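A closer look at the structure
Here is what each chain is made of, one letter per residue.
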Amino acid sequence: MRPMSTGTYTQLLDLACGAFLLAAVVVLWRRELVAIVRTFALQGIALAAIPLLIGLHEQRWGLIAVATGIGALRAGLLPYLMRRALAALTPSGGEEHHYEEDVSEARETQPLVNVAASLLTAAALTLLAYAVARPLVALNPGPAARALPVGLAVVLIGLFVLATRRRALAQVVGFLLLDNGITATAFLAASGVPLIVELGVSFDVLLAVLVLQILTTRMRTAFGTTDIDDLRELHD
Amino acid sequence: MSGTGLTAVAAQIVVVISGAPLLAGWMRQVRARMEGRAGAGVLQPWRDTRKLLRKEPITPIGTGPAFRTAPALLVATTAVVAALVPLLSTTTPVSAHADLILVVALLALGTVALALAGLDSGTAFGGMGASREMTVAALVEPTILVAVFAFSIPAGSTNLAAIVAGAVREPSRLASPAGLLATAALAVAVLAETGRIPVDNPATHLELTMVHEAMVLEYSGPDLALVELGAQMRLTVLLGLLASLFAPWGIATDASWPALAVALAAFVVKVAVLGAVLAAAEVFWAKVRLFRVPELLAGSFLLALLAVTSSYFLSGE
Amino acid sequence: MPTSPSSLGTTASALILAVPIAVPLATGATYAAIRRYAPTDWLSLVSPAAILASGVVLAHAMPGGGAVNAYGGVLRADAVTVWMLLVVGAVAAVACAAGPAYLAHERATGHATQGTARAYHLLVHAFLGAMCAAVLAGNLGVLWVAIEATTIVTAFLVGHRRTRASVEAAWKYVVICSAGIALAFLGIVLLYYAARAAGIPEATALDWPTLVAHADRLDPAVTRLGIALLILGFGAKAGLVPLHAWLPDAHSQAPAPVSALMSGVLLAVSFAAVLRGKVIADAALGPGYAQTLLSLAALLTLALAAALLLGQRDYKRMLAYSSMEHMSLIALGAAIGTPLARAAVLLHIAGHGLAKTVAFCSSGHILHLRRTTRIGRVRGLLARAPGLGAAFGLAVVALLGFPPFSLFASELGIVRAGFTAGLGWLTALALLLVLTAFAALALRTTRMLLGPLPLAPGTPAVPVRLGPAAGLPLAVGLLACAALGVSAGPLTDLLTAATTILGGH
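Residues numbered from 1 in each chain as written. Chains lettered and ligands numbered in written order. Predicted model: local features only at pLDDT ≥ 70, side-chain atom pairs only at ≥ 80, totals over all residues. Heavy atoms only, no water.

Moving on, we get to the overall build of chain C. Regarding its fold elements, chain C presents 19 helices and two strands. Since a compact globule built from 505 residues should have a radius of gyration of about 23 Å, the 22 Å found for chain C is in line with a globular shape. Seen through its principal axes, chain C has C-alpha atoms that stretch 80 × 60 × 45 Å. By residue count, 61% of the 505 residues in chain C fall in the buried class. About 16900 Å² of surface is accessible on chain C, with carbon and sulfur atoms providing 69% of the total. Taking the average place of the 30 positive charges on the side chains of chain C and the average place of its 15 negative ones, the gap between the two points comes to 14 Å. (Helix = DSSP H or I, 4+ residues; strand = E, 2+ residues; numbered from the N terminus. Rg over C-alpha atoms; globule rule 2.2 N^0.38 Å. Buried < 20%, exposed > 50% of the residue type's maximum accessible area, 1.4 Å probe, protein only. Areas by Shrake-Rupley, 256 points an atom, 1.4 Å probe, with all protein chains shown as cover. Lys, Arg positive; Asp, Glu negative; His and termini not counted. Charge placed at Lys NZ, Arg CZ, Asp CG, Glu CD.)

Shown next as structure tokens:
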């Protein structure tokens, strides 16, 4: 296989990063958790494309294998887990209709910050990410390092989702956005962390999502809702 | 040079003015066919215009010059934009003035004129429509500015002709994240600016939802014909601009007659395809609630901003 | 970095470094695997014994500033590691010894079945294994993975009751800690980036000693960002402001022995990661940067803890806020950073671990006795249960910093170091806040301990006795804390060596 030309590589890498950032923004935009999870899966594909492109460009087969793993985890397994948790939370109104049962479990109806303001905040966060990332870009100028602010912007947007969304599953997506952003930063900055660390991190993230999924079910049992605002038992 | 250039400008104006009602008719026809109706035919808007032009103009009592001049102003500004924007050729005598900011300002002038007319009519609907239109415009204008600005960074100029000419030379610019994001943002902005679904429904007269129609309720006869023509021209020009920015292939970059002919054909095809896509999409979309419109527009503004940042930073300037 | 060869061979060092991780995991697996004849709860003491034993062997194997590497630098032990291992082992010994009494009571009241007891043992031992892995990690990435693993493992221990309060605590715990720790990972990624850009090869670019040795070559701007994220992220897990909100909830909802482990060592283990980061920061950026960040975090945490201690009505939350207070003192000591302060920090980690373990374990017994965590409902504890009251009271006295307990020596060390290092105002402000916390803690505890037995008609006035199974671990923990306060004894050399390593020399 011949290495990709630098021009094409830069184009495709920028495209993958653009799609990656766009997916984070769309997560902020949508209210239906199903759509949010689908967007998250698409972001996983964009994320996997980054190491794939770097691997193809630098002809590093290990990186291509890592990309496959990342894609399988972020675009396959994690969205599948989320979809299953969502299905468990929203009983399909088949045999028995509960009129009083609201469909709000499947929607982020009232985020702490409304969607228009969230989107404008995301714009500000992106600019902040570019400002913060300036020394990072300056350290090793190249197509990958120039895209570094995208990773940081997704980290900030993930934190923002985590802080302002009230559905438990939306918070999980926020955490995963944060994690995707960090993974993208790692690939763009240094072609990824060493394999053992990457494996450990992926495994930890998978377990964390499993734990959060179980806790969501328990929360639904204990509180009757997955609205984080209803968690008011513990305070001083 | 100047012969073909002048012809190109004239052709742009003529094509937009004569083609705008046809585009509206074409879109209605596509929509009708998709909904299983026979449709009134592509020429129906022209027939409507002819009928309206024959009628006697009536101005409501108590309206002032704002009401009377608005239709003419709307059509005039749009015609100037049609002359400036590189729809057929990038080398016209006026292309040096086709500045992005000027174009957006001219479009805004038309919008403001119509909103003032709505206020001037003194009716409740007119005022309501004007206020809604201004709300939308306040979010749309910056989006258009920022989105086209994203295209202008690689070109190094805010001149639309230069941007389009650069994109013809270097098509890879369009597939960059900046290009895609800016196109998406611009598409939403165009929908909002021209009052299409999901922002506004051009076919409704329901007081809860109408925006554009509420402002022009009091117009009749030739004035109404002008307002309708102005709205159709805006749609045509903006779709044409979108096509020129995102799919600039076929536009004449030199001053030769065959190139101009090709450009004309390409322009008609591109706008017809865009119109058909838009009409088909409108069949499946619902209008969003007015309260959700700012969300949509804030989203498109964000896309435009992301386009600028990525175009600025990723290109390594 | 002076690495005097240790007296261990390659195989022996690989073995001895694996023991503190493998033995707890094996013990947990044993509990999980054997279903028919459930092993006795006392089997859980195997893990702390193994941790302590390996700590002692390592301490003897490398006198001075040596280090033992294994598995290509993934696991590594130096004096700081050994010190932390000994602390983890000692605290785990007390907490695991308190486990059988806790489980016996849970079984007696019908809260625990065979299955939940099995899950408890499995998770506690996995927790111990993960903490030891974090302590022994020579690679910042592996350190991160191990610390995140502790969050995952303890989530179900925090939420074991499945009540509204415990589900809420578990949710907050996992979300805040995972997000905070994720920021630390971003910091690690940035450090890795700076290291790669400085020409350090991929395999060793995350190894702590390599980073320290080549710190002067790291790009300052990137390192600054990375260190700030590292301190923020691992600070979250150590209970430092601003990501501290999980701590009082999780510590008050977990089973008492687990609260003891979390408060006693988990906070310190994550703070050890901060200490490692500070060594890199000091070498790369000069001492001012990390000092500013740490002292800011310390003062804010201290102010918050003192304010919330003032109005506290729940004794488990009171202990949790006291942990935040002590962690902020440790952070302050780290910020001061003179040799005296560093030694005091390490001593404080040990003393606080032991005292807080005793306090949490006895608070578990109080909860069993009184069935409430409200301070106002626990009156006359000394009259009702003299042994338990004495243990709890002495533990709080230790936490207040009275001699002979080691916290007295370490707090004195931190304060003296602060004044001599020219951070007088900072230290004075911290002292003022500590005094507030002191008053609040002392007041609430006396309210719990003293007072006559509220004699309801029909209740026998016989004081409740604490059995040897419950009492002995508490007594041993207090004795150890006091002994450490009198003299570091055979640990003196280790403490000196660890202090030197944290100084970056």
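The discussion continues.
A word on empty space enclosed by the protein. All names here are of chain C. Applying the stated criterion to the full structure yields nine cavities of 30 Å³ or more. Put simply, the largest cavity is a space of about 170 Å³. Where the lining of the largest cavity is concerned, the elements lending two or more residues are α3 (79–108), α4 (114–136), α5 (140–158) and α10 (256–285). With four residues, the top contributor of residues to the lining of the largest cavity is α10. Partitioned by chemical class, the residues of the lining of the largest cavity number 12 nonpolar, three polar and two charged. (1 Å grid on protein atoms, 1.4 Å probe; cavity = no way out; pocket = protein on both sides within 12 Å on 5 of 7 lines; lining within 4 Å. Points joined across faces, edges and corners; volume = space filled by probe spheres on them. Nonpolar A, V, L, I, M, F, W, Y, C, P; charged D, E, K, R; others polar.)

So, about the nonpolar core. Counting residues in hydrophobic clusters, the biggest one holds 348 residues, and the most contacted among them are C:W171, C:F234, C:L261, C:M262 and C:F271. At 24 residues, the largest contribution of residues to this core is made by helix α6 (residues 164–197) of chain C. Of all hydrophobic cores here, the second largest spans 15 residues; its members include B:L52, B:A113, B:A117 and B:L224. (Core = buried A, V, L, I, M, F, W, Y, C linked by side-chain atoms within 4.5 Å.)

A few words now on the interface of chain A and chain B. How big an interface is tends to be reported as the loss of accessible area on association of its parts. Of the residues lining the interface, 21 residues belong to chain A; the matching set on chain B comes to 24 residues. Roughly 2000 Å² of surface becomes buried between chain A and chain B when both sides are summed, with 75% attributable to carbon and sulfur atoms. Together, A:W29, A:Y130 and A:R146 form the three largest contributors to the area buried by chain A at its contact with chain B, with a combined 28%. Summed over the shared surface of chain A and chain B, the result is one salt bridge. For the pair chain A and chain B, the number of links is one residue pair in polar contact (both at pLDDT 80 or more). Sorting the residues of the side of chain A that touches chain B by element identifies α1 (6–29) and α4 (115–132) of chain A as the ones contributing at least two each. Here the residues of the side of chain A that touches chain B are counted per class, giving 14 nonpolar, three polar and four charged. (Contact = heavy atoms within 4.5 Å. Buried area = accessible area lost by both parts, 1.4 Å probe. Salt bridge = Lys/Arg side-chain N within 4 Å of Asp/Glu carboxyl O. Polar contact = N/O pair within 3.5 Å; in protein donor to acceptor, adjacent residues only side chain to side chain.)

Taken together, the two pairs of chains in contact show their highest number of contacts between chains A and C. At no point do chain B and chain C touch; the closest pair of C-alpha atoms across them sits 18 Å apart.

Next up on the list: the environment of C:A256. Its location among the elements puts C:A256 in helix α10. For C:A256 and C:A488, which are 232 residues apart along the polypeptide, the C-alpha to C-alpha distance reads 28 Å.

On to the state of the cysteines, then. Residue and element names in this part refer to chain C. Using the criterion set out here, one finds zero disulfides over all chains in the structure. With no disulfide of its own, C177 has C132 as its nearest cysteine by sulfur position, at a separation of 19 Å. Between C481, a free cysteine, and C361, which holds the nearest cysteine sulfur, the sulfur-to-sulfur gap is 14 Å. For C481, a relative accessible area of 0% puts it in the buried group. (Disulfide = S-S within 2.5 Å.)

Before going further, it helps to examine the interface of chain C and chain A. On the chain A side, the residues contacting the 48 residues of chain C number 48 residues. Both faces considered, chain C and chain A share a buried interface measuring about 4200 Å² in area, 77% of it formed by carbon and sulfur atoms. Counting the surface chain C buries against chain A, the share from its top three residues, C:R164, C:W171 and C:Y193, is 20%. The interface formed by chain C and chain A holds zero salt bridges in total. If you look at where chain C meets chain A, you find three residue pairs in polar contact (both at pLDDT 80 or more). For the side of chain C that touches chain A, the elements supplying multiple residues, two or more each, are α5, α6, α8 (220–237), α9 (246–253) and α12 (315–336) of chain C.

Residues and elements named next belong to chain C. Under the definition given, this model contains five aromatic pairs over all chains. Where Y102 meets Y120, the ring centres are 5.6 Å apart and the plane angle is 35°; that geometry is what we call tilted. Within this pair, whereas Y102 is found in helix α3, its partner Y120 is found in helix α4, the two being separated by 18 residues in sequence. Exposure remark for Y102: the relative accessible area of 9% places this residue in the buried category. Note that R224 overlies the ring of Y289, its terminal NZ or CZ placed 5.9 Å from the centroid. Across the ring face of W208, the terminal group of R276 is positioned such that the distance to the ring centre comes to 4.4 Å. (Phe/Tyr/Trp six-rings, centres within 6.5 Å; stacked < 30°, edge-to-face > 60°. Lys NZ or Arg CZ within 6 Å of the ring centre and 35° of its normal.)

Residue and element names in this part refer to chain C. Where α5 contacts α6, the two axes come as close as 9 Å, and the packing angle between them is 175°. Between α5 and α6, the angle falls in the class roughly antiparallel. For the contact of α5 with α6, the class distribution of residues is 16 nonpolar, six polar and one charged. (Axes fitted to C-alpha atoms, helices over the stretch in contact; angles between N-to-C directions. Parallel < 35°, antiparallel > 145°, perpendicular 65-115°, else oblique.)

Right, let's get into the confidence of the model for chain C. Residue and element names in this part refer to chain C. Per-residue confidence for chain C gives a mean pLDDT of 90; residues scoring 70 or more make up 96%. Confidence drops under a pLDDT of 50 for residues 1–5, and excluding neighbours within four residues, the segment shows eight contacts in the predicted structure. With a pTM of 0.88, the predicted complex shows an ipTM of 0.93. (pLDDT = per-residue confidence, 0-100.)

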